[in-house]
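Topology and contacts: notes
In case you want the letters, here they are:
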Amino acid sequence: MTPQPERDETASTTPGSAAYDIDWGALHERAVALMHAAYAPYSRFPVGVAGLVDDGRVVAGCNVENASYGVALCAECGMVSDLVATGGGRLVAVYCVGADGRPLMPCGRCRQLLWEHGGPTCLLRTPTGVLPMTAVLPQAFGRENLDRLAGQVRTKE
């Protein structure tokens, strides 16, 4: 039996934008469903993730392993691919779970993916509660660093 998520049904606001009502329970359900679809025959560590996009869509992903281990795809990679493939946008909230259905902290590479596609105000449900990306990936490296170092301002592609 999959444990139920902690109840945190409060509306969350992303600074500088509209308020978002984040249904953490629905994100949890979608993440658990994707975790059950994961392809993890080697590690036997299935992971599922679901994210709320700023336009109201929910995107999701699961890990997909490979016999050469190092080229396995994390669930967050699949979710970001789903985000980009279905129109882009910014992640507002993300819930990642492991096989026990409980919140799972993304690895470092995936934290960078979440930063790039959600930014500093994206909220992540962690094992210790909901945290903004600034707490999950402090002093993050992002596009603005590349722009500053290149001496030019990039436009959105």
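Look above for the structure.
Definitions and limits used
- Throughout this document, residue positions are counted from 1 along each chain, in the order its sequence is written.
- At least 70 in pLDDT is required for a residue's local features to be given in this predicted model, at least 80 for side-chain atom pairs to be given and counted, and no such filter applies to totals for whole chains, interfaces and linings, which use all residues.
- Side-chain descriptors were evaluated using all non-hydrogen atoms of the structure, hydrogens and water having been removed beforehand.
- Segments assigned H or I by DSSP are reported as helices when at least four residues long, segments assigned E as strands when at least two residues long, and all are numbered from the N terminus.
- Between buried and exposed lies partly exposed: a residue is buried under 20% and exposed over 50% of the maximum accessible area for its type, with that area taken using a 1.4 Å probe on protein chains only.
- Only the protein chains shown count as cover for residues, and the accessible areas themselves come from Shrake-Rupley with a 1.4 Å probe.
- In what follows, salt bridge is the name for a side-chain nitrogen of Lys or Arg lying within 4 Å of a carboxyl oxygen of Asp or Glu.
- Residues enter patches when their relative accessible area tops 30% and they take part in no salt bridge; the joining distance is 9 Å for like charges and 5 Å for the nonpolar side chains Val, Leu, Ile, Met, Phe, Trp and Tyr.
- We call a pair of cysteine sulfur atoms a disulfide whenever their separation is within 2.5 Å.
- Any two residues whose heavy atoms approach within 4.5 Å at even a single point are treated as in contact.

**Let's talk about the overall build of the protein chain**
The number of helices and strands found in the protein chain is 5 helices and 7 strands. In sequence order, the protein chain lays out its α and β elements as β-β-α-β-β-α-β-α-β-β-α-α. Burial statistics for the protein chain: of 157 residues in total, 42% are counted as buried. With the model as given, the accessible surface of the protein chain reaches about 8600 Å², and the carbon-plus-sulfur share is 56%.

**Concerning the pattern of salt bridges**
Considering all chains together, one arrives at 1 salt bridge under this definition. A salt bridge links R57 to D55, with the shortest nitrogen-to-oxygen separation between them at 2.9 Å.

**Looking at a nonpolar patch on the surface**
A cluster of nonpolar residues, Y39, Y42, V64, Y69 and L73, forms a patch on the protein surface that exposes about 510 Å² of accessible area. Within the element layout of this structure, V64 appears in the loop between β4 (58-62) and α2 (75-85). What makes V64 partly exposed here is its relative accessible area of 36%.

**Re the state of the cysteines**
Under the criterion given, the structure shown has 0 disulfides. Left without a disulfide partner, C77 is nearest to the cysteine sulfur of C110, which lies 4.6 Å away. Judged by its relative accessible area of 17%, C77 falls in the buried class. Considering cysteine sulfurs only, C110 is the nearest to C96, which forms no disulfide, with 7.6 Å between them. C96 gets classed as buried once you look at its relative accessible area, which sits at 0%.

**Examining α2**
Of all the residues in α2, the buried ones are A75, E76, C77, M79, V80 and L83. Buried-residue contacts for α2 involve β3 (48-53), β4, β5 (91-97) and α3 (108-118). Once α2 ends, the next one or two residues include G87, with phi positive near 120°.

All we've got here are geometric facts, nothing functional implied.
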